[in-house]
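Take a look at the letters that make up each chain.
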Amino acid sequence: MPIAERYLADDEELVHVTRQHWTEMVSEFVVLCVIWAVAGALLWVTPTDETWRDTAVWVIVGAAAVASLWFWLIPLFQWRRTMYILTTKRMYKRSGFLTKAGRSIPLSRVNDVSFKASLWERIWRYGTLNIQSASEQGMMTLKHVPDPEGLTALIYRQVDEEQRRQSGPSGMMPPMR
């Protein structure tokens, strides 16, 4: 994914990029349908012989358009801009559309990776991933992750490779500075 490559440092490679599962947007799509169904119903009950009908139509359609932007389009952009990036050196979470936020955990600091998926989430193949680190911020939670078991295994594989790289050819960890 080209958009994720710009967050890489010179000495790291992209391993895996994903975003939240598409089911994250289902409720927003339902809201969008309800907005336009209500707008259609209001247009249908607006009297046709009134002089203010044209103004009422514009107000109803305008309100529906603004509500669509607020309740569907902005969450869609936020969903598109939430990425979970795994590199050879770190796990990175980037989110936000207008206000951006990012957090990364070096793989050398990862203590534990766990996932949780209810029956419904298992049917739809997504879940929540918790990454425990040996840092002040502690836990990173990734919600609505597609294939959480696969990503957990991939993170552990990268953690093992990072530990092997840091230990050097002799298999011993270098002294701490």
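Our structure is the block above this text.
Residues numbered from 1 in each chain as written. Predicted model: local features only at pLDDT ≥ 70, side-chain atom pairs only at ≥ 80, totals over all residues. Heavy atoms only, no water.

By the secondary structure assignment, T46 is in the loop between helix 2 (26-45) and helix 3 (53-80). Each C-alpha atom, one on T46 and one on A56, is 7.7 Å from the other, the two residues being ten residues apart in sequence. Those residues in contact with T46, other than ones at most four positions away along the chain, are W52, R53, A56 and I60. (Helix = DSSP H or I, 4+ residues; strand = E, 2+ residues; numbered from the N terminus. Contact = heavy atoms within 4.5 Å.)

Our focus in this paragraph is the nonpolar core. Of all hydrophobic cores here, the largest spans 16 residues; its most connected members are M91, V110, L129, I131, L142 and I155. For this core, the elements supplying multiple residues, two or more each, are strand 2 (83-87), strand 5 (110-116), strand 6 (126-133), strand 7 (139-146) and helix 5 (148-167). Among the elements that make up this core, the one with the highest residue count is helix 5 (four residues). In terms of nonpolar packing, the next biggest core, distinct from the first, is built from six residues, A4, Y7, M83 and Y92 among them. (Core = buried A, V, L, I, M, F, W, Y, C linked by side-chain atoms within 4.5 Å. Buried < 20%, exposed > 50% of the residue type's maximum accessible area, 1.4 Å probe, protein only.)

Before going further, it helps to spend a moment on the sheet that holds strand 2. In any sheet, the strands associate via hydrogen bonds between backbone groups, in a parallel or an antiparallel arrangement. Spatially, 1-2-3-4 is the arrangement adopted by the four strands of the open sheet, whose pairing is antiparallel. Edge positions in the sheet fall to strand 1 (14-19) and strand 4 (101-106), since each has one partner strand and no second. Across this sheet, the average inter-strand angle for adjacent strands is 15°, counted without regard to direction. (Pairing = 2+ DSSP bridges. Axes fitted to C-alpha atoms, helices over the stretch in contact; angles between N-to-C directions.)

As summarised here, the arrangement of the three strands in space is 5-6-7, forming an open sheet in which the pairing is antiparallel. Edge positions in the sheet fall to strand 5 and strand 7, since each of these pairs with one other strand and no more. Adjacent strand axes in the sheet meet at a mean angle of 20° when their direction is disregarded. Packed onto the sheet, helix 5 meets strand 5, strand 6 and strand 7 and runs at close to 170° relative to strand 5.

Another aspect to go through is helix 2. Here helix 2 contains 20 residues, and its C-alpha end-to-end distance of 29 Å stays within 8% of the 28 Å for a straight helix at 1.5 Å per residue. The complete set of buried residues in helix 2 reads E28, L32, I35 and A39. Take helix 2 and look down its axis: the buried residues cluster within an arc of 60°, on one side only. Opposite its buried face, helix 2 presents the exposed residues W44 and V45, each directed more than 90 degrees away. Summarising the contacts, the buried residues of helix 2 are in contact with helix 3. (Expected span 1.5 Å × (residues − 1). Arc of directions from axis to C-beta.)

Quick look at the side chain of R94 now. Relative to the assigned elements, R94 resides in strand 3 (residues 90-95). Not counting residues up to four positions away in its chain, the partners in contact with R94 are Y7, R81, T82, M83, K100, A101 and G102.

Right, let's talk about the pattern of salt bridges for a bit. Throughout the structure, instances matching the rule amount to three salt bridges. Salt-bridge contacts for R165 lead to E162; the nearest nitrogen and oxygen are separated by 2.8 Å. Placement of both R165 and E162 in helix 5 is noted, with a separation of three residues, approximately one turn of the helix. In this structure R165 comes out as partly exposed when scored by relative accessible area, which is 42%. Residue class for E162 comes out buried when judged on its relative accessible area of 5%. (Salt bridge = Lys/Arg side-chain N within 4 Å of Asp/Glu carboxyl O.)

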